[in-house]
Amino acid sequence: MINLTRGVPADESFPLEALRECAAEAVQTDVLRYGDGYGYRPLREYLAQSHGVGLEQVMVTNGSLQFVDLLGLSVLSRGDVVLVESPTYDRTLTLLRRHGLVPVGVPLEADGVNLEAFEAAVREHKPKMFYVVADFQNPSGSVMSLAKRRRVVELAEQYGFWVLEDSPYRPLRYSGQPVPSLRELNPKVVLQMSSYSKQIGPGVRVGYMLGDAEVLKPLAKAANDTYISAGFTGQAIANAFLRRGLLEGQLEQLRQLYAPRLNAMVAALNQHLPGALEAAPEGGFFLSITLPEQHTMPNLLAKAAEVGLNLSDGRGFFVNPSEGERFLRLPFCAMSEVEIQDGVQRLAGLLRG
Ligand code: PMP
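Residues numbered from 1 in each chain as written. Predicted model: local features only at pLDDT ≥ 70, side-chain atom pairs only at ≥ 80, totals over all residues. Heavy atoms only, no water.

A.B. asks: Whenever I open this one, the overall build of the protein chain confuses me. Can you help?
C.D. replies: In terms of helices and strands, the protein chain carries 13 helices and 12 strands. Over its C-alpha trace the protein chain gives a radius of gyration of 20 Å, about what one expects of a compact globule, namely 20 Å for 353 residues. When the backbone C-alpha atoms are referred to their principal axes, the protein chain occupies close to 60 × 50 × 35 Å. The burial tally for the protein chain puts 55% of its 353 residues in the buried class. Put simply, of all contacts in the protein chain between residues at least 6 apart along the chain, 75% involve residues at least 24 apart. Of the side chains in the protein chain, 34 bear a positive and 39 a negative charge, and the two mean positions are spaced by 3 Å. (Helix = DSSP H or I, 4+ residues; strand = E, 2+ residues; numbered from the N terminus. Rg over C-alpha atoms; globule rule 2.2 N^0.38 Å. Buried < 20%, exposed > 50% of the residue type's maximum accessible area, 1.4 Å probe, protein only. Contact = heavy atoms within 4.5 Å. Lys, Arg positive; Asp, Glu negative; His and termini not counted. Charge placed at Lys NZ, Arg CZ, Asp CG, Glu CD.)

A.B. asks: Can you help me understand the environment of Y40 in this one?
C.D. replies: Topologically, Y40 is positioned in the loop between α2 (29-32) and α3 (41-51). The class of Y40 is buried, set by a relative accessible area of 8%. Apart from the residues lying within four places of it in its own chain, the contact partners of Y40 are D30, V31, F232, Q235, A236 and N239. For Y40, the side chain forms a polar contact with the side chain of D30, separated by 3.0 Å. (Polar contact = N/O pair within 3.5 Å; in protein donor to acceptor, adjacent residues only side chain to side chain.)

A.B. asks: Can you help me understand the nonpolar core in this one?
C.D. replies: Soluble globular proteins tend to bury their nonpolar side chains together. Core analysis: the biggest nonpolar cluster contains 67 residues, and Y196, M265, L269, I289, L330 and L347 have the highest contact counts within it. Per-element accounting of this core gives the leading share, 11 residues, to helix α11 (residues 247-272). Setting aside its immediate chain neighbours within four residues, Y196 contacts L47, G201, V204, V206, Y208, A238, L242 and L247. Counting 30 residues, the second-largest nonpolar core is a separate cluster that includes L76, L96, M193 and V319. (Core = buried A, V, L, I, M, F, W, Y, C linked by side-chain atoms within 4.5 Å.)

A.B. asks: Is there a simple way to explain the site of the ligand in this structure?
C.D. replies: In the region of the ligand, 14 residues are neighbours, and D166, Y169, S195, S197 and K198 sit closest. At 2.7 Å from an oxygen atom of the ligand is found a main-chain nitrogen or oxygen belonging to S64. Summarising the interface, the protein chains cover 91% of the accessible area of the ligand, which totals 400 Å² for the free molecule. Of the residues assigned to the shell around the ligand, the class counts are 6 nonpolar, 5 polar and 3 charged. (Near = heavy atom within 4 Å. Areas by Shrake-Rupley, 256 points an atom, 1.4 Å probe, with all protein chains shown as cover. Nonpolar A, V, L, I, M, F, W, Y, C, P; charged D, E, K, R; others polar.)

A.B. asks: Quick question: what am I supposed to make of the packing of aromatic side chains here?
C.D. replies: Each aromatic ring pair is described using two quantities: the centre-to-centre distance and the angle formed by the ring planes. Taken as a whole and assessed by the stated rule, the structure comprises 10 aromatic pairs. Between F317 and F327 the ring centres are 6.0 Å apart and the planes differ by 70°, which places this aromatic pair in the edge-to-face class. Taken together, the residues span a long stretch of sequence, with F317 in the loop between β11 (309-311) and β12 (327-331) and F327 in strand β12 at a distance of 10 residues. The burial state of F317 is the same as that of F327; both residues are buried. Feature note: the residues Y169, Y258, F285 and F286 constitute an aromatic cluster, connected by ring pairs. (Phe/Tyr/Trp six-rings, centres within 6.5 Å; stacked < 30°, edge-to-face > 60°.)

A.B. asks: When you look at helix α5 (residues 90-98) in this model, what are you seeing that I'm missing?
C.D. replies: In an α-helix, one full turn covers 3.6 residues, which means residues spaced three or four apart are oriented alike. Buried within α5 are the following residues: T92, L93, L95 and L96. The arc that holds the buried residues of α5, viewed along the axis, is 165°, so those residues lie on one side. Structurally, α5 contributes buried residues whose contacts are with α4 (66-73), β3 (81-86), β4 (102-109) and β6 (129-132). Just downstream of α5, G100 is the residue with a positive phi angle, here 70°. (Arc of directions from axis to C-beta.)

A.B. asks: I keep staring at the pairing of strand β8 (residues 190-195) and nothing clicks. Help me out?
C.D. replies: Taken across its 6 residues, β8 has 6 buried, putting it largely inside the fold. Alternating residues of β8 divide into V190, Q192 and S194 and L191, M193 and S195, and every residue in both groups is buried. Here β8 pairs with strand β9 (residues 207-210) via 4 bridges, running antiparallel. By the bridge assignment, S195 is partnered in β9 with G207. (Pairing = 2+ DSSP bridges.)

A.B. asks: Help me out: how do you make sense of the sheet that holds β4 in this one?
C.D. replies: Hydrogen bonds between backbone groups are what pair the strands of a sheet, and the pairing can be parallel or antiparallel. Read from one edge of the open sheet, 8 strands run β2-β9-β8-β7-β6-β3-β4-β5, paired in mixed fashion. Looking at strand neighbours, the two that pair on one side only are β2 (58-61) and β5 (112-113), the edges of this open sheet. Pairing between β4 and β5: 2 bridges, direction antiparallel. In the sheet register, L108 faces β5, and the bridge partner there is V113. This element, helix α6 (residues 115-125), spans β3, β4, β5 and β6 of the sheet and lies at about 165° to β4. Lying over the sheet, helix α9 (residues 213-227) contacts β2, β7 (162-166), β8 and β9, oriented at roughly 25° with respect to β2. (Axes fitted to C-alpha atoms, helices over the stretch in contact; angles between N-to-C directions.)

A.B. asks: What should I look at first to understand the packing of α4 against α9 in this one?
C.D. replies: Angle between the axes and distance between the axes: these two values describe a pair of packed helices. At their nearest, the axes of α4 and α9 sit 9 Å apart, and the two run at 100° to each other. With respect to their mutual orientation, α4 and α9 come out roughly perpendicular. Between α4 and α9, the residues in contact are Q66, F67, L70, L71 and L73 and V215, L219, A222, A223, T226 and Y227, respectively. Partitioning the contact of α4 with α9 into residue classes produces 9 nonpolar, 2 polar and no charged. (Parallel < 35°, antiparallel > 145°, perpendicular 65-115°, else oblique.)

A.B. asks: Sorry if this is basic, but what is going on with the packing of α3 against helix α10 (residues 232-243) here?
C.D. replies: Direction vectors running N to C along α3 and α10 enclose 40°, while the axes themselves pass 8 Å from each other. On the basis of the axis angle, α3 is oblique to α10. Pair α3 / α10 crosses with left-handed handedness. Contacts between α3 and α10 involve P42, L43, E45 and Y46 from the former and Q235, N239, L242 and R243 from the latter. Tallied by class, the residues present in the contact of α3 with α10 amount to 4 nonpolar, 2 polar and 2 charged. (Left-handed = near helix turned anticlockwise from the far one by under 90°.)

This is the structure:
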């Protein structure tokens, strides 16, 4: 079976030896106590200093996805509209809905959301928030252009909505030049979250947010009311890893491991499905293709299973599932080059057959 489904880090990317040493250093009395809802203070201090923000503008949780849940429990109210890219990260959609929030999709292009549609949606729906994965988006692989980022934060300021910038893939750039983050363009309107899941390992469960102190205060209260304090053991291990200066070397290793896999995926698509790939991403975990018109998801998934291929149902990434009938996300990081070749070849066979 070839799994072209889950976008997870490769097992061989985990810096096991270094983490064992960090864990030995990290497990101290302060880590074993309850703490406040903001997260492990030494890690917050490290992040505050490295990003040039105040301590009250940094919060750390059990992975970054949890922020969406905490926002739903505190800052956002049932019925609030949250604009999302269409397609967007499926788990965020699930969480928004769980809290009675109303996700409204804005069509995504190769360089970010369609601005006309975005402006129209802002005027029509008066959103409280725009959730965006601006760098190497999950699921499409797209990166938002600088011009679009500028316009988005301008509109956020003008119309008074928050931008929730989810950037777990931002450091994983394999070629080309980084675009300034939305937070860098306007820290007043942006809540930026990131995570060590893709940089160290998801099991440490450490995600963080940089944002307005007045928003973080109710988030920390919601966290405190929900789980008292986060898993400080993982946070302290990440803290030791960062303070030893190990992250940059780890990121370099990841780039060396993942870049050839991305290249293999692009080459396989160009060979077996010429024209299917609109633009090759320069980083991240995913790329995506649009299936030829005659194909629909249920059909394709069933046929794929018959040839030992697991595919993600594209409909899950859309507010209106029918729009994802021909959308296929292809992860490449946790697969060998041979598996990538084989998987794309099987896929091409199905699409031709
Ligand atoms: N946001 C995006 C866009 C993701 O792709 C993921 C992981 N798949 C997450 C959030 C969740 O990250 P974490 O493990 O930090 O909760």
